[in-house]
Amino acid sequence: MSTRDALLADLRALRRIWPLLGVSRRRLAVAVAWGTLALSAAVGLAAVSAWLIARASQMPPVLDLTIAVVAVRALGIGRGLFRYLDRLASHDVALRGAAHLRERLYSALAHGRTDAVATLRRGEVLRRWGADVDDVGDLVVRAVVPALVALVVSLVAVGIVGALSPLAGLVLAACLLLAGLGAPLLAARAVRAAELDGAAQRGRVAAQAMTVLDGAAELRVGGRLDPLLGELADAEDALRRTRDRAARPAALAQGVTAAATGLAVVAALAIGAAQLAAGSLAPVELAVVVLTPLAAFEGVGMLAGASVHAVRAADAARRLTDLLDRARRPATGAADPAVGAPAVVAAGLAVGWPGREPLLRGLDLTLAPGRAVAVVGPNGSGKTTLLLTLAGLLPPAAGEVRIGGVPSTALADGAPSVVTMTAEDAHVFDTTILENLRVARGDVTEDEAREVLALAGLGAFLDRLPDGLDTVVGAGGACISGGERRRLLVARALLSPAPLLLLDEPDEHLDPETAERLLQDVLALREAGRGVLLVTHRGAASLAAADDVVDLGAVAAAPGVVPMLERSA
Amino acid sequence: MAKPLDPALLRSVRSARSTVLATAALVVAQTAALVVAALLLARALGRLVEGSAAWSEVAGEALGVLVALAVRAALTTATEWRAHRGATRVVAEMRDATLRHVARLGPRWLEAHRAEVATLVTRGLDALEPYLVRYLPQLLQTALLTPAILVVIATQDLLSAATLAITLPLIPVFMWLIGLATERTTRRRLAAQQRLDARVLDLVAGLGTLRALGRARGTVARVRELADAERRGTMSTLRVAFLSGAALELLATLSVAVVAVGVGLRLVTGEVGLVTGLAVLVLAPEVLAPLRHVGTHFHASADGVAAVERCLDILREPVPVAGTADLGPVEEVEWDGVDVLPPGRTLPAPAGLHGRVRRGGITVLRGPSGAGKTSAALALLGLLAPDAGVVRLRVGDRRLDLRDVDLAAWHAQVAWVPQHPVLEPGTLREVALAGVDADDEALRGAAERSGFAEVVAALPLGWDTPVGGRARGLSAGQRQRLATTRALLSPARFLVLDEPTAHLDSASSAQVLRLVTEAARDGVGVLVLTHAPELVAAADEVVTVAAGAAEPLAAEVLA
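Structural notes, computed from the coordinates. (Residues numbered from 1 in each chain as written. Chains lettered and ligands numbered in written order. Predicted model: local features only at pLDDT ≥ 70, side-chain atom pairs only at ≥ 80, totals over all residues. Heavy atoms only, no water.)

Attention now moves to the overall build of chain A. What chain A contains, in helices and strands, is 17 helices and nine strands. Taken across its 569 residues, chain A has 56% of its residues classed as buried. Counting contacts in chain A only where the partners sit at least 6 residues apart, residues at least 24 apart contribute 76% of the total. Accessible surface for chain A amounts to roughly 21,100 Å². Of this, 60% is attributable to carbon and sulfur atoms. (Helix = DSSP H or I, 4+ residues; strand = E, 2+ residues; numbered from the N terminus. Buried < 20%, exposed > 50% of the residue type's maximum accessible area, 1.4 Å probe, protein only. Contact = heavy atoms within 4.5 Å. Areas by Shrake-Rupley, 256 points an atom, 1.4 Å probe, with all protein chains shown as cover.)

Before going further, it helps to examine the sheet that holds strand β8 (residues 531-535) of chain A. Residues and elements named next belong to chain A. As summarised here, the arrangement of the five strands in space is β6-β7-β8-β3-β9, forming an open sheet in which the pairing is parallel. Where the open sheet ends on each side, the last strands, each with one partner, are β6 (419-422) and β9 (548-551). Ignoring strand direction, the axes of neighbouring strands in this sheet form an average angle of 15°. As paired elements, strand β3 (residues 372-376) and β9 share four bridges and run parallel to each other. (Pairing = 2+ DSSP bridges. Axes fitted to C-alpha atoms, helices over the stretch in contact; angles between N-to-C directions.)

Once that is clear, we can look at the side chain of Thr146(B). Residue and element names in this part refer to chain B. Within the secondary structure, Thr146 sits in helix α5 (residues 128-156). The class for Thr146 is buried, based on a relative accessible area of 4%. Engagement of the side chain of Thr146 in a polar contact is seen with the backbone oxygen of Val287, the distance being 3.0 Å. With residues near it in sequence (within four places) discarded, Thr146 still touches Gln141, Leu168, Val287 and Pro290. (Polar contact = N/O pair within 3.5 Å; in protein donor to acceptor, adjacent residues only side chain to side chain.)

To continue, consider the packing of aromatic side chains. Residues and elements named next belong to chain B. Scanning the model with the defined rule gives four aromatic pairs over all chains in all. Between Phe452 and Trp463 the ring centres are 5.8 Å apart and the planes differ by 55°, which places this aromatic pair in the tilted class. Highlighted residues: Phe452 in helix α14 (residues 452-457) and Trp463 in the loop between α14 and β8 (466-469), separated in sequence by eleven residues. (Phe/Tyr/Trp six-rings, centres within 6.5 Å; stacked < 30°, edge-to-face > 60°.)

Moving on, we come to the interface of chain A and chain B. At the interface, 144 residues of chain A touch 128 residues of chain B. Carbon and sulfur atoms make up 67% of the surface buried where chain A meets chain B, a total of about 12,300 Å² over both sides. Between Glu236(A) and Arg95(B) there is a salt bridge, with the nearest N and O atoms lying 2.6 Å from each other. Inspection of the chain A/chain B interface yields twelve residue pairs in polar contact (both at pLDDT 80 or more). (Buried area = accessible area lost by both parts, 1.4 Å probe. Salt bridge = Lys/Arg side-chain N within 4 Å of Asp/Glu carboxyl O.)

Tyr106(A), Phe297(A) and Leu390(A) are the most contacted members of the largest nonpolar core, which has 210 residues in total. Here the element with the most residues in this core is helix α8 (residues 216-268) of chain B; it accounts for 15 residues. (Core = buried A, V, L, I, M, F, W, Y, C linked by side-chain atoms within 4.5 Å.)

What follows concerns the packing of helix α13 (residues 440-450) of chain B against helix α16 (residues 506-521) of chain B. All names here are of chain B. Contact geometry for α13 and α16: axes closest at 8 Å, N-to-C directions at 125°. The pairing of α13 with α16 is recorded here as oblique in orientation. Here α13 contributes Glu448, Arg449 and Ser450 to the contact with α16, which in turn contributes Gln511, Leu515, Glu518 and Ala519. Split by residue class, the contact of α13 with α16 holds two nonpolar, two polar and three charged. (Parallel < 35°, antiparallel > 145°, perpendicular 65-115°, else oblique. Nonpolar A, V, L, I, M, F, W, Y, C, P; charged D, E, K, R; others polar.)

Residues and elements named next belong to chain B. Of all the eight residues making up strand β1 (residues 332-339), six are buried; the element is thus mostly covered by neighbouring parts of the structure. One ladder, built from six bridges, connects β1 with strand β2 (residues 353-358); its direction is antiparallel. Counted as the bridge partner of Glu332 is Arg358 from β2. Here β1 pairs with strand β4 (residues 388-395) via six bridges, running antiparallel. The partner of Trp335 across the bridge, within β4, is Val391.

In C-alpha cells form, the structure reads like this:
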C-alpha cells in the first residue's frame, strides 16, 4: 500500500470511530470559538501594538493613540482568558468522548461473542482500554480543535495584512499554507510507516513487561528473568528506532514552521519597502504588515504535532474498531426461556469453538431440576466448551440445545434465569468475599453468605479471618489459596437464582476428604430442587449418587455413540 | 511537592543526564539566533518607517534576519529531535530498572502492587515523553533565555526592562502556586486512575464469569459510573491546573501589552527612538514566552513528573538483603520451625514447619487447602523470608542458612513448576527451551516424560505453535506439563512441583507419578505439593503442613 493510500485509510478509520465518541457539535463549536478568540487576540495584539509604536514615533497628539492603547490592553487580557476557556472546553469534549467510547467498548465485550475477550492478552486489554481510547479521545484536543482554530486564525491574519498590502497578504497566505499544510503532511506521511510498526512494538514491550510482572518469581528461579529482560531490551531498541524515525519528520516540521515565519516576515519587509517607496503604503502600515506575521504562525505551528497525533489515533481507532467487529456477533433472538419448563435438553449435540473442528459429537443429555449429572473425561475432551454450549453462551457446532424449551441460538445471551455456569477459571474479583458472592445475586444477605460458605466447606476459613466476610480477596483471588478459591466459586454458584447449575471441576485443589464431602454436598442439591451438572475427575465410587454419568472420553473416541450409565433416579 | 526536575532522576538515569545537558546547549544557541534576528529586524524596519533609509540600505540587515531565523529554525529542529531521542531512551532505561527491581522485591510485594506497577510500566512512563520533549526545554529556556533577553532589552531601554523585571518575580510565585494547587490533585489523579484501571480491568477480566452468571449487563452501568467519575475527577483537576496556567499566561501577555503601551507613550515625547521601541516590542514576548509554555505544558508533564517520582520511589524500596555466601552442590534442604504469616491473617500458615528434601528422595507436602503449602515452597526457594524459623541447605558437611547464601547459586540448582506457570511469548519450542541448554532430541525425551508430547502431537504446528503470556491456547494442565518439560530439561538437582496433578485426569496423573519416581532415581531431590494419594504413597517423606498450630508438627517418615 502506498503512503498516500495508507493516509486515506487513516482518514477512513478516524471517520469510523468518530461517531463512537458521541461528540456534540455544539460543545465542539464552543471549544473552537474560544480557541479562535484566544489566538486572534494574539494576532490582534501584534498588529495593534505595531501600529501604536509606529504611529507614536510620528509624535501625534496622545489622544490619537487612546483607542490603540485600550485595545492593546484589552487584547492582552483577552488572550489569557479565552485560552483558559478553550482548553477547558476542548478537554471536556475529549474526556466525554473517551468515556463514551469506553462504555461502548465494554458493552460490546459484555454482550458480544464469548471468544472475543478470551483471545486477548491482559497487556493488550490494558492498551486497548487505556492508551488506545486515550489516543482517540485526545484527537479532539490535539488535532480537530487546533486544525479548525488554525484555519480561522490564519484567515484573520491574512485579512489584516492583505487589507493593507494585498501582495504581502498573498505571500503570508502562501507561507501559512506551506507551514500549515506542507509541514503536517510531510510529518504524517513519514510518520505513517514508522507508527504502525511502533504500535506493534509497543504492544510487544507491554506484553513482555506484563509477563515479567506475572511471573517474576518463577522466571527468577528458572534463570529466565535475565534472558526475558534481554528480549525486552531488544523490543525496546526496536521501538526506540521506530520512534526516533517518527520523531525526525516531526522535528523537521517544527523547523519548517520557524523557517516559514522568517520567510513571511522578510518578504513582507521587502514588499512593504517597495510599496513604501512607490507611495502605495504608509510607513505606519509597513510596521503592521511586517510585525503581524510574527504572531500569525502560532496556530499553524501546532498542526505538525496534530497530524502526527491523528495518525497515531487512526492506528488506535483501527485496533478498537477491529475489536468491536470481532465482538459483534450475528443477531440472535431475544426469546424468553421462562415460558418453558426449566430444563436443558441437548440432542445430537456437537461442540467446539467457532471456526475449529468440533471437540465432541453426537451427545444427548437432559438436565432438569432434581437431577444430578456427572461428566467425566480426559483432559482436552471439551468439557469446558460443552458447559459453555449447554449454558447457551456458545452456539452448538451441530445439533441443538434447548433451554426452557427454546433453542439456545434463539436466546439473546444464554438464559441466566434458568442455567448458570461456573468455569474452572472463573474470576474472583478484587473485592470482599461478600461482594464476590453478590456477583451471583445482588441481594445476598450476610447470613445467607455464611450459610453457603459453610456448605462449601469454608466455615473454618471464614472464622479465621479477622475481617470475616469483609476480607478483601486480591486481584484474581491471589490472596487466597487454590482450594479456597474453588470453594468460594462453588458457594457463589449455589447463590445463583438459576435452578440449573453447571460446575466445572468444583472439587479440584481440595484434599480428598474435603473434595468427597463437597461432591456429595453438591450432588445433594437436587433434593432442594436444583439440577446439577458437574465435571469431575473423581472415580466411579464417588459418582454413585449421580443420576447420569457421561463419559466424554468415549464420546470423543466413538462419534455418535453416547455411553450413558443410567442409574435409578 | 514534586520537583519540576528531580535531581534523583539525573543521578540515577544516565540518559536523562545527557538529554538535559544537550537540550540546555541547544537552547542557548537558539536564544542567540533569536536576539540577533530581533535586533536586525528592528533596525531595518525602524529606519524604513522613519524614512531614514531606503530598501537598498537595509537589504543587508534583511538578509541577516533571514539567516538568523534560518539558523533558529535549524536549532529548533535539533532541540526537538534531541529531546525525542532522549525521551525514548529514558523511558526504556526506567522501565528496565523498575522491572528488574520489582522482580527482586519478591512475590508478596508484587502481589500487593501489581496493578499499580502494570499501569506504570505500560502507560505511566509514556507520560515522560511530553515532560522531556515539551516541558523540560521550556523549563531550561526559562532559566537561561529569559534573563539573557532581559539583559539585552536593558541595553536598549532600561524602563521596559524594569517593567518586565517587576512582572518576572511574580511568575515564580505563580509557579509555586501552580505546583501547590496541582501537585496533590495530580498525584490523586494518578492514584485514582490506577484504582479505576484495576477495578475496570478486574471487571474486564471477569467478563466471562459475569456473562456465565448473567450479570454482565448490570456491570455496564457500573463501568459507565467509573468512567464518568474519572472524567469528572480529571475535569476538576484541569480546572485548577488551567486556572493557574491561565493566570500566568494573562500576566505574561498583559505585561507585554503594558510594555508596548509604555514604549508607545514615550515615543510620542521622543524619549526613545523607533528602532529601540521596535526591538523591545519584538523581544518582550520572547522573555515571557517560555514561562507561558511552562504553564501550558505543566499539566501534561505533571503526569510525567508523578510517574518519575513513583518509579524512583519503587527503586528506593529496599530489596530483601541477599546473602553472598558461596554455595557448592546442595545435598539436602530443610525447613526448621518455619512460620509464614500471610498478609491480613493473624495466624501463620505454615506454622512451625519441619521437614526436608533430600537428593534422590521424594518429599510430599500435604495439608488442607490454605494451610500454606505454596508459602512453604516459596520459603524453600528463598522468595519469601520466614517470619520465624530458618530454611537450611546442606552442602557436604556444612549447613547453611538460606538467608546467607547467594540465591542465584541456589536457584541454579532448583527447577520449580508453580500451579500457574507463566509462559514467555514465543513458540512452544522457545518456551520449553527458555533458560535451558538442550537439543530437540532431549526436548522430545523430556516431553514424553512430562506427557506434553501428546499435546504437541495434536497441534498442527507442533513445536512451532505460538503461545505467550496468558494466551488461552493451552489449558492450565497443558501449561503445567509444558513447564514440567522445561524443568526436566534443566540440570537442576532439586525439582519442586506445585499441585502437578490438579488439572489432570487419572491417566495423566500416573504419568506424573512415573516422572517423579524416575527423577528421584536419577538423584534429583523432588518436592511435590499434592493431595494425590498415589504420590503420597510413593513419597519417602510426607510433611503435613498446618496453619495456626502453635506447636510444631513432626515430619512423618514413611520410608
